[in-house]
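Observations on the model geometry
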Amino acid sequence: MKFTTAIQAVATAGAMALMMSTAASAVTLQLHNGGDPGTLDPHKASGDWENRVIGDYIEGLLTESPSAEAIAGQAESWDISEDGTVYTFHLRDGIQWSDGTPVTAGDFVFAFQRLFDPKTAADYAYLQFPILNAEAINSGEITDFNELGVKAIDDKTLEITLNASTPFFLEALTHYTAYPVPRHLVEKLGDEWTKVENIVGNGPYLVKEWLPGSYVRSEKNADYYDAANVQIDEVYYHVLEDQAAALNRYRAGEFDILTDFPADQYQWLQDNMPGQAHVTPFLGIYYYVMNQQEGQVLSDIRIREALSTTIVRDVIGPDILGTGELPAYGWVPPGAANYVENAYHPAWADTPYEERVEHAKDLMTEAGYGPANPLTLQLRYNTNDNHQRIAVALAAMWEPIGIKIELFNAETAVHYDALRAGDFQVGRAGWLMDYNDPSNTLDLLKTGIDQGGTMNWGNNYGRYSNAEFDALMTQASTELDLKARGQLLANAEKIAMDEFAAIPIYWYVSKDVVSPKISGFEENPKNIFRTRWLSKSE
Amino acid sequence: MPGLTGKDQVLTTYANKLASLDAPKGRSLTQDALRRLARNKAAVVSIAILVLIIVTAIVGPYLVPWGYAQVDWSNIRKPPNFEVGHYLGTDQNGRDMLARVLQGTQMSLIVALVATLVSVTIGVVYGAVAGYFGGRVDAIMMRFVDIMYALPYILFVIILVVMFGRNPVLLFIGIGAIEWLTMARIVRGQTLSIKEKEFVEAARAGGVKPFTIIMRHIVPNLTGPVVIYATLTIPEIIIAESFLSYLGLGVQEPQTSLGTLISAGAPVAEVMPWLLLAPALVLVTMLFCLTYIGDGLRDALDPKDR
Amino acid sequence: MLAYAFRRVLSAIPIALIAVTACFFILRLAPGGPFDGERALPPTVLANLRAHYNLDQPLIVQYFIYIWRLVQGDLGPSMVIDGFNVSQLIAIGFPFTLTMALTAFVIATVVGLLAGMVASVYQNKWPDYVLVLGVMVGVLIPNFLMAALLQLWFGVYLKWLPAGGWVNGSWMHLVLPVTVLAWPHAGRISRLMRGSMIEVLGSNYVRTARAKGLGERLVVARHAIKPALLPVVSYLGPGLSYLLTGSLAVEQVFGLPGIGKYFVTAALNRDYGVVLGTTILYMFIILALNLIVDLVYAWLDPKVRYS
């Protein structure tokens, strides 16, 4: 034992000396990451900012390829049972945490149990609810964690049982909620394990420093199984929420990659830095919700139709935002996997604008509103330049049909608090898909769940409710045939959209700026580009 | 925020001078003071420009071809174009910048006036009460003012906005309500010396109520400090408002203010300079004028030169 | 004087407590909470989080828990930044804010005093106009705009200076932020100094000194500067506290870690502990500064007596 420790110490010292000698030529990636990550704990993370840091220092059973497709990660291979409910993963040989402890199937079992443990209060636990008994454990119905459908057969073999066949499950495993955590450390330190002085990882990079408000810094993990092919030695994930300032720093050569840029500068970027700005379709929808609770004005489908049909969506992306986002008429983003070929497209979308306005005016009259009795609606959005522009544009578009809009903006916390409380009439919302499957956006329109007398509407802020829609969604969740399942989901989409359950505005795009010095960056619909695939030339 | 323009010191110096003189002082803007002000070229020019800006901001919106919330769908984010009447160009929503600058100037002025009025009112009443009643009341009230000076105001304003939402009136009543400290101190000093005067003693002996005495004999003697205070406070509020706008806590759309326009124009200074230049120019000009007017008034009302 | 200082500190405690209390309740009454993000949390998760931070207790109980911990020197956890508690955040951010504010303070005070003196000596001649105009620009242009313009000009066009960020020990990274902070402060100091110098230069004893045949330079150096400093000194306290709270926009644009930025981010995200912690820190600093200034003032001006 002592001997091996000594060898390890020598090896570490040697490695360190090597690192020091190459420090002068170390390649550093300066990545603009947006806001401050709220946490480094994969089970508590909830956004892109955390994902970029966490996904570089921990690796799940599967990981993302340069184009963000699911590929082998800590698991080398896997078998799937005939009925698609049992997955058996075989871990790689020699994988270890950065403190030298081997990564075992037990770490994964522990991690999943921790994820679903109500005490962990993981924001995104629901993403792994396809796993057997996950939901019941997370809600506290089952208290014996051994009933969870994640089992270690031996140190190298992990078996995951699902409730039902789930076509996107392998992809869901690339999500940080499915990452392993170092059991030996978490059991010793509890939540303190993610403090920079304690943290260990099994990914290509290791977090070394976190200066809130400024940056997180990670260094290459020499013990990573693919370390030989990892080009970048050090990554700074910079915090800077002022996008104009971020672009200035990019132009000054201080950042290599921007993960967002001000839309107003898109034309300028194309003219002055051709090829560096990447605007790519992003799996997500920007939409407005309408409060359809009983007694609310917008429970009247005629007014909802008048609102949705009089929005000139073509003008929003190219003119008002300036980045050319494509107009949205349906609910499932184009490019979503496991879906039907021809997307939902309503007939009214092709009628001339004037006709649509006339029709909307008639609808308003039918609903009892007109010049003598105009309708005033309050429109809420969260404080942000782009949201503001769209809100102002919508108000102007609805003026001709006799609707007066009062704009009301508030910071994110207040805005979503109001949406969830049903304290709004029309409100801005958006959804980026967690995994590439139509059910991820369609679930937003499912009727709430009755929980002991109070309805939990989750993310269905408008409280749209249609029994037929719900039935189709349930039916789709157990349908094994992907084609049939896609059709069921498409039928559900049609029902909701024909009833104007919400107002889709545009399909999201991701906006990155990548320096010509960086190679290995591939545009992809998830906008995930792990540092291990990138390289930088001076 | 006390300290923003150093107005505390300016006013305190001024008040000290007032206190060092005997006899009726700080009388309103006498002809004498006006004559001296008229000799100050910078101040006169500043007044002229400021009046011009104010009149334009009030009358202008009726004369320009576009409304400040009106969208011109065929001219989105376009530079100045005289043919279609967008003399200062349009913003990203196709709204006329001239109309918006006029509306923004109006809003900034209103907001500054309301806040100043609130702080003057509170300051005068508080200071007069403390000074008039003196003794323990005075000691406690002034201790409170001392400590209030130690509060980080801008932070409180931010907390207030977070609390009340983006309501300009409420917000600037809030700012006014924490801006009054300097005013209170000076009014108290004035009151302390005036209340010893014979005419006040006589009034008191005649059974006149304290409130009436304060209003009739003390407040009219405060014109000088109040005028100076106001010219120094208005720029402070305008700057504070622009800072809040930068944090996204400004007025509610479609209304706007100079601060909101500038914080929207700053990031696009290169690609759409017309969004930044006009509001920034108006703001800086206005603040320059107010500064010169403040200086001029201080000199003109300087009790030492009488 | 010591007794005076002691009494002032003591009397500040109840008011500070009132301010903390007001702050605490205003924050809690404000709509929205620390866990209201873009996506709804499952009710069980929300309940767990709230229990974890004692948010499920009655407000008054939470208040007493907070005060009790505060008395023990514990500012509590950050509810939004998971890896840090409030004391740690302050320990990281405050040195940055302080370094920036102090550097700006020293530079601006020296520059402001010099500019004010020169302007007053050349009253209404061209150096006066140029200086007044130069410093006023710094006072009147909103600092977030100034920061953005300087960043664009010196960081992007000329590439003379880093456009932002922080590298340990690099003074180059401090130049732009400190300039943005210092400029308005220098403007205010120079205005005060100019005004008070003009007054002193016109006073009887300076006239006497001149009549004695002393050269103008000696008159200024020996007789005018010291009395003219008094109003400026009384501004230094509020001035420094303004620099400390005013660092906020600078930290935002240049991406620096600092308590001003922590405060704003926390206020918008309803990170109650961080808002309260930073507010308390600011209050403490401003109280201390005011006290120091008063003591310095008493030392400079023999007429002032504290008993």
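On a predicted model such as this, the values are computed, not experimentally measured, just so you know. (Residues numbered from 1 in each chain as written. Chains lettered and ligands numbered in written order. Predicted model: local features only at pLDDT ≥ 70, side-chain atom pairs only at ≥ 80, totals over all residues. Heavy atoms only, no water.)

**Some remarks on the overall build of chain C**
Of the regular secondary structure elements, chain C holds eleven helices and zero strands. The order of helices and strands in chain C, counted from the N terminus, is α-α-α-α-α-α-α-α-α-α-α. For chain C, the spread of C-alpha atoms along the principal axes amounts to about 85 × 60 × 35 Å. Expressed as a percentage of the 307 residues in chain C, the buried residues total 56%. Contacts in chain C between residues at least 24 apart in sequence constitute 73% of all its contacts with a sequence separation of at least 6. Surface summary for chain C: the accessible area is close to 13300 Å², and the carbon and sulfur share equals 71%. Looking at charge distribution, chain C has the averaged site of its 21 positive side-chain charges lying 14 Å from that of its 12 negative ones. (Helix = DSSP H or I, 4+ residues; strand = E, 2+ residues; numbered from the N terminus. Buried < 20%, exposed > 50% of the residue type's maximum accessible area, 1.4 Å probe, protein only. Contact = heavy atoms within 4.5 Å. Areas by Shrake-Rupley, 256 points an atom, 1.4 Å probe, with all protein chains shown as cover. Lys, Arg positive; Asp, Glu negative; His and termini not counted. Charge placed at Lys NZ, Arg CZ, Asp CG, Glu CD.)

**Re the overall build of chain B**
Helix and strand content of chain B: 13 helices and zero strands. Going from the N terminus to the C terminus, chain B shows its helices and strands as α-α-α-α-α-α-α-α-α-α-α-α-α. Expressed as a percentage of the 306 residues in chain B, the buried residues total 59%. If you take every contact in chain B between residues at least 6 apart in sequence, the share linking residues at least 24 apart comes to 73%. Total accessible area on chain B is roughly 12100 Å²; 67% of this is exposed by carbon and sulfur atoms.

**A word on the confidence of the model for chain B**
Residue and element names in this part refer to chain B. Per-chain confidence: chain B averages 80 in pLDDT, with 86% of residues scoring 70 or above. Low pLDDT, under 50, characterises residues 1-5; the predicted model gives this stretch 22 contacts beyond four residues in sequence or across chains. This model gives residues 22-29 a pLDDT under 50, and the stretch forms 14 contacts once residues within four places in sequence are excluded. (pLDDT = per-residue confidence, 0-100.)

**A short note on the interface of chain B and chain C**
Of the residues lining the interface, 45 residues belong to chain B; the matching set on chain C comes to 49 residues. Summing both partners gives a buried area of about 4100 Å² for chain B against chain C, and 77% of it is carried by carbon and sulfur. There are zero salt bridges connecting chain B and chain C. Of the residues contributing to the side of chain B that touches chain C, the split by class is 30 nonpolar, nine polar and six charged. (Buried area = accessible area lost by both parts, 1.4 Å probe. Salt bridge = Lys/Arg side-chain N within 4 Å of Asp/Glu carboxyl O. Nonpolar A, V, L, I, M, F, W, Y, C, P; charged D, E, K, R; others polar.)

**Comments concerning the nonpolar core**
Ranked by internal contacts, the top residues of the largest apolar core, which has 219 residues, are Leu61, Phe112, Phe116, Ile131 and Ile160 of chain A together with Ile158 of chain B. Apart from the residues within four sequence positions on either side, leucine 61 of chain A is in contact with Ala72, Gly73, Gln74, Ala75, Phe89, Leu91, Phe108, Leu158, Ile160 and Leu173 of chain A. (Core = buried A, V, L, I, M, F, W, Y, C linked by side-chain atoms within 4.5 Å.)

**So, helix α10 (residues 210-218) of chain B**
All names here are of chain B. Among the residues of α10, Ile213, Ile214 and Ile218 are the ones counted as buried. Considered in projection along α10, the buried side chains sweep an arc of 100° and stay on one side of the axis. Every exposed residue of α10 that faces more than 90 degrees away from the buried side is listed here: Phe211 and Arg216. Buried residues belonging to α10 abut α4 (97-133), α8 (181-194) and α9 (198-205). (Arc of directions from axis to C-beta.)

**Quick notes on the sheet that holds strand β9 (residues 215-220) of chain A**
Residues and elements named next belong to chain A. With respect to topology, ten strands assemble into an open sheet ordered β8-β9-β10-β1-β11-β18-β12-β15-β13-β14, the strand pairing being mixed. At either margin of the open sheet sits one strand with a lone partner, and together these are β8 (205-211) and β14 (403-410). By the bridge criterion, two bridges tie strand β13 (residues 375-382) to strand β15 (residues 426-432) in an arrangement that is parallel. Each residue of the ladder has a partner; that of arginine 380, found in β15, is glycine 427. Each of β1 (28-32), β8, β9 and β10 (234-238) touches helix α2 (residues 48-57); the most contacted strand, β8, lies at about 140° to it. (Pairing = 2+ DSSP bridges. Axes fitted to C-alpha atoms, helices over the stretch in contact; angles between N-to-C directions.)

**Digging into the packing of helix α1 (residues 2-29) of chain C against helix α3 (residues 59-71) of chain C**
Residues and elements named next belong to chain C. Their axes nearest at 11 Å, the elements α1 and α3 cross at an angle of 140°. Taken together, the axes of α1 and α3 lie oblique to each other. Here α1 runs over α3; the crossing is right-handed. Between α1, through Leu17, Val20, Thr21, Phe24, Phe25 and Arg28, and α3, the contact on the second element is made entirely by Leu59, Ile60, Gln62, Tyr63, Tyr66, Ile67 and Leu70. (Parallel < 35°, antiparallel > 145°, perpendicular 65-115°, else oblique. Left-handed = near helix turned anticlockwise from the far one by under 90°.)

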